[in-house]
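An overview of the molecular structure
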Amino acid sequence: MLESRRFVIIGFFALVGLIYLFRLFYLQVLDESYSIESSSNSIKRVIEIPFRGQIYDRTGKLIVYNTPVYDLLVTPYKARVDDTLRFCQVLGIERRDFDSLMHAASAYSRVKPSLFLRQLSKEDFASIQDIMVDYSGFEFAKSSLRTYTAPTLANTLGYVSEITRGQLEKQEEPYYRQSDYIGQSGIEKIYENELRGKRGTKFVMQNVSGVYKGPWKGGELDTMAVAGDNLYSGIDLEVQQYADSLMVNKVGSVVAIEPKTGQIISMVSAPTYDPNILASRYFSKNYAALARNPYKPLFNRPVMASYRPGSTFKLIQALIGLQEGVITPESGFTHANCPVGCHNHPATGTVALGVMHSCNPYFYNVFRRIIYKNNIQNTFKASAVGLDAWHDAISKFGIGQRLGIDLPSEYKGNLPNKKYYDRFYGEYRWKFSNIYSLSIGEGELLITPLKMANVAAIIANRGYFYTPHVIHGIGDGKKVNPDFLVRHETGVDSHNFDPVIEGMIGAVEGGTARRSRVEGITIAGKTGTSQNKRGDDHSIFIAFAPVENPKIAIAVFVENAGAGGSAAAPIANLIIEKYLTRKVTNKALEERMLKSDLMSKVILPGQKKPISPDSLKKKLISPDSAKKKLLEKPVTAPKKQ
Amino acid sequence: MAENKPITKNVDWMVVLIYIACLGIGWVNIYAAVYNPEVNMSMFDLGNNAGKQLMWIGTAAVLIICILVIDYKFYETFSFIIYAVIIFLLVVVLFAGSNINGSRSWIKFGSFSLQPAEFSKLAISLAISKYLSDPAISLTRKLKDYYPIMGIIALPAFLILLSNETGSMLVFASFAIVLYREGMPGFIPAIGMVTAALLIITLLFVKWYIAGAIIVIAGLVIWLMPVMTRRRGGLWATIIIGFVMIGIVFGVDFFMNNVLQKHQRGRIMVLLDPDSDPRGIGWNVIQSKIAIGSGGFSGKGFLQGTQTKFDFVPEQSTDFIFCTVGEEHGFIGSAIVVVLFVSLIARLVVLAERQRSRFARVYGYCVAGIIFFHFMVNIGMTIGLMPVIGIPLPFFSYGGSSLWSFSILLFVFLKIDAQRPFTLSRG
């Protein structure tokens, strides 16, 4: 009887064997999750971030490049810091920071390295790497930092920073990961896809301690990192910095364009800041200080600020009048019967003289003729028809619309049409007498400095323009954006430009801008004085030179600086001379413009009077001063344990 | 007589072949487990575990030849003496043993170290077989006949417990199989299994719920019971059984929280929920399951396992050697190993049953039971069906002591079996 128990026993053995076979079948064949876990365990994806593209100026000088920097990483479970005090001293951080950084790293992962301090310079790295050997669990990782050869072009170039949560979620194809860098403004933003290059991915095997154990599958799935495309700009760095120096202690813009190509030669947004401060590890502190600054240094004035064009607009009025045949070059107007005032000047018997002396009644009459076209049967209807025709003609100069420059947030300004006034007054309930201030560039017109520079370029070209652009070549093949090769016609015949240019030459030689004329260069220019609600008028000047073969067209806007001839014209003409001859003859004028402090006249929003401008640099931490701070710390030789 | 016939004629070649297959597969996998792609190492290099294992295999072969040459009567005659020698060694190791991984169970001879606990299985097997070879002993009727058996097991168990080698001690549970075969009432292993089941249930659920469930089931049983059975004492039997079960539930709870050490409790908890402590005790189980599970149907290939190669699985060449098999050779490799073991054990039972002497049969069952228990617990722990108990996989795991002890255990039985045609039945 007991012998039959052998079957029970063998049965039990077989049952266990079967259960194990089923379990193995389940684990190995049915349940896929284990093989995935095995890969995530031992196979690590290593991302190689390529160098961002560099940016060059028109002479081949570097504007932006990359500096290798070192990120300090910590692996919390390995980290051993015996004397926190010295550790903090060496790194130049507070005990508080140390605790919170360590806490954040531990919260992320105890076993994986996470960022402790970012972007230590090569010098810092050299000075602390020997000391860091004493602290286990810390390692350095190479990364790179945007570096600018000159403290200029901050708003044009823009900055790169860590991708925000919002951007991370909004991206269409998932390219960026947390803590990746992305161009946030300016050229860095517009050309992000070209500049960022191609990230490389390597699959490597690692053992349980995370130690590298060679490439996975012999590296057949790896991709190489490809450095970003270099960008070639039309910026003339020397002129740019000269323009910067002239705009110190002023609020405003300078935009200089090469008329034949539309390339931007110089673009100043004043006040400005050193772009290097936003590329340091003090980014957030510095950014906050810039954002708080009442003069808004982060506001890219050349493309975002809008002004009334003032008298500079008279040039366009004259051109439209001539083109439409409502005036001839010999048309003359007097001050009689005119609601707009004027200053004392000789008689304006021709278009050239009207432009030269910037006669308000002259252009009142020109505009009147453009609108009514001698049809005064029904002034309401004629105004409506005339204004829309005028609007279309002006639009061809790029006014009231985006030009399409390769910079973000371009403001389109305002160019009123029939609809616009209908909203205010009702259809056919307004006529020329309601809108005549447009004739002299006041009223509802809003225009950016960039557009005004473009107008100068159009006049220099006698009738056409290319979309102004900062970058004209992408990559080593200098690929060109085809949009920038399209010639935009204004529809104004080139002979109609002659009287206007003659007037502009006159304005510089003996008219409103005579005090800033340059010996040896024929400059055609036009001053403007833009009325505004806050404080003194804005000083505006647009010009191009040399007249015979225009190489530069420029617009200068200086806020609250008064008449166009007093600030904008001298600055523009100094820049023109610098660009054309590489030297400046009128040293006295240069000296005066460099020193003049027009910022104190600027009335900030919400204030009645100008406040004394506190220096923006005070709150900022420049990478240089930070370096000094780090090195000044007493770094004592480590005690060997 | 038999003595002049060559041993090769009568030895059971099926068992020998399975034994050789296990050693071969085991050795190759030890090499895979210790293989380091950065170092060009040989399977024959004594500097690594694979090379050393080959040496152990060689010495085991010498031992086997000795066993087969020695007269078969030696083992029966000297059973108690062998037992006494092993007990002596277990005592010696308590005082003179060197401490490895927290257990004081190794005797060092120069660069060799030997673990007497491994040989206690052989000693107990021989002693029990010798004791039960007395035909007057009956496990069916006389309770007092159990006492010596309990004593034979308890003495080395106690000594092993003192040296902190709990895993080896648990193997003695496998003697329940031979005792069952020899007449132990069936309810005793049944109680053991019910207790084990209750233990697991207790750990998974709130004990009051379990108690409630037991009462409900007992009520149902009484209600469904034929009236006659109930009157004959079925009522009280059921009530008592129910109370005993509830007692076990609470006892288990008490045992878990107050008797077991923290790491032992952890090992049992991890069995139920490996994710409860993924970086701690659960690590072994999770990583070993990942290793085996990632092998797929046909495995990643020899020396291609990432999980075992990069040390994610601990104790790869010893207790977790099956992970390497599972990862590199997949379901096919794993199944072959399981089938090999089940065939070996079944064959041993068949061999045991054909013995004419009770001594030989009991000893055969002891060997089958011990190998089975090791197989069940070791592979069970790597696939998450058993708690992590550090006992080796016979013939596979790296280690001289275990290889020697299993080889001796097995070949003593094969020697006795080979003499079977020439022995007279006594029991």
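A brief report on the enclosed structure follows. (Residues numbered from 1 in each chain as written. Chains lettered and ligands numbered in written order. Predicted model: local features only at pLDDT ≥ 70, side-chain atom pairs only at ≥ 80, totals over all residues. Heavy atoms only, no water.)

1. A few points about the sheet that holds strand S12 (residues 263–270) of chain A
Residue and element names in this part refer to chain A. What counts, and what does not: Criterion used throughout: strands pair if DSSP finds at least two bridges between them. Only DSSP runs of H or I with at least four residues qualify as helices, and only runs of E with at least two residues qualify as strands; both kinds are numbered from the N terminus onward. Note on method: axes are straight lines fitted to C-alpha atoms, helices fitted across the in-contact stretch only, with angles between N-to-C directions ranging 0 to 180 degrees. Residue contacts are counted whenever heavy atoms from the two residues lie within 4.5 Å of one another.
The strand order across the open sheet built from five strands is S12-S11-S18-S17-S16, with neighbouring strands paired in antiparallel fashion. Edge positions in the sheet fall to S12 and strand S16 (524–530), since each has one partner strand and no second. Across this sheet, the average inter-strand angle for adjacent strands is 5°, counted without regard to direction. Bridge count between S16 and strand S17 (residues 538–545): seven bridges; the pairing is antiparallel. Each bridged residue has a counterpart across the sheet, and for Ala524 the counterpart in S17 is Phe544. Those strands touched by helix H19 (residues 449–461) are strand S11 (252–258), S12, S17 and strand S18 (552–558), and its axis lies near 150° from that of S18.

2. With respect to the packing of aromatic side chains
The test is simple: Classification of ring pairs uses Phe, Tyr and Trp, with its six-membered ring standing for Trp, and accepts pairs whose centres are within 6.5 Å; under 30 degrees between planes counts as stacked, over 60 as edge-to-face, and the remaining range as tilted. The cut-offs for exposure are 20% and 50% of the maximum accessible area for each residue type, with area from a 1.4 Å probe on protein chains only; residues under the lower value are buried, those over the upper are exposed, and the others partly exposed.
With the rule as written, the count across this model stands at 46 aromatic pairs over all chains. Taken together, a centroid distance of 5.5 Å and an interplanar angle of 55° make the contact between Phe367(A) and Phe432(A) tilted. With Phe367(A) in helix H15 (residues 360–372) and Phe432(A) in helix H18 (residues 432–435), this pair connects stretches of sequence that are 65 residues apart. Residues Phe367(A) and Phe432(A) agree in their burial class; the two are buried. An angle of 50° between the planes, with centres 6.4 Å apart, marks the rings of Phe424(A) and Tyr425(A) as tilted. Classification of Phe424(A) by relative accessible area gives exposed; the value is 59%. Each residue in the set Phe12(A), Phe13(A), Tyr20(A), Phe341(B), Phe372(B), Phe375(B) and Phe396(B) is aromatic and connected to the rest through ring pairs, giving one cluster.

3. Structural notes on a nonpolar patch on the surface
The line we're drawing: Without a salt bridge and with relative accessible area above 30%, a residue can belong to a patch; like charges are then joined within 9 Å and nonpolar side chains (Val, Leu, Ile, Met, Phe, Trp, Tyr) within 5 Å. Note on areas: Shrake-Rupley, 1.4 Å probe, and residue coverage restricted to the protein chains presented here. By convention in these notes, a salt bridge is any Lys or Arg side-chain nitrogen within 4 Å of a carboxyl oxygen on Asp or Glu.
Judged by side-chain polarity, Ile70(B), Phe74(B), Phe78(B), Ile81(B) and Val85(B) come together as a nonpolar surface patch covering roughly 390 Å² of accessible area. Within the secondary structure, Ile81(B) is located in helix H5 (residues 79–96).

4. Some thoughts on the pattern of salt bridges
As enumerated under the stated definition, the model contains 30 salt bridges over all chains in all. With a shortest N-O distance of 3.5 Å, Lys373(A) and Glu324(A) are connected by a salt bridge. In this pair, Lys373(A) sits in the loop between H15 and helix H16 (379–395) while Glu324(A) sits in helix H13 (residues 314–324), placing the two residues 49 residues apart along the sequence. Using a relative accessible area of 38% as the deciding quantity, one classes Lys373(A) as partly exposed. Of the charged contacts, one joins Glu182(B) and Arg358(B) as a salt bridge, the two residues approaching to 3.0 Å between their closest N and O atoms. With Glu182(B) in the loop between helix H9 (175–181) and helix H10 (187–204) and Arg358(B) in helix H17 (residues 358–382), the pair connects residues that are 176 residues apart, well separated along the chain. Like Glu182(B), the residue Arg358(B) is buried in the burial classification. When salt bridges that share partners are traced, they join Arg52(A), Arg146(A), Glu188(A) and Glu192(A) into one network.

5. Examining the interface of chain B and chain A
Worth spelling out the cut-off: Values labelled buried area give the accessible surface lost by two parts on being combined, using a 1.4 Å probe and summing over both. Think of it as three bins: nonpolar holds Ala, Val, Leu, Ile, Met, Phe, Trp, Tyr, Cys and Pro, charged holds Asp, Glu, Lys and Arg, and polar takes everything else, Gly as well.
Between chain B and chain A, the contact holds 50 residues from the first and 34 residues from the second. Contact between chain B and chain A buries roughly 3,700 Å² in total, counting both sides, with carbon and sulfur atoms accounting for 72%. One salt bridge in this structure joins Glu353(B) and Arg6(A), with 3.8 Å as the shortest N-O distance. Looking at the side of chain B that touches chain A, the element that brings in the most residues is helix H16 (residues 321–353) of chain B, giving twelve residues. Broken down by class, the residue content of the side of chain B that touches chain A amounts to 28 nonpolar, 14 polar and eight charged.

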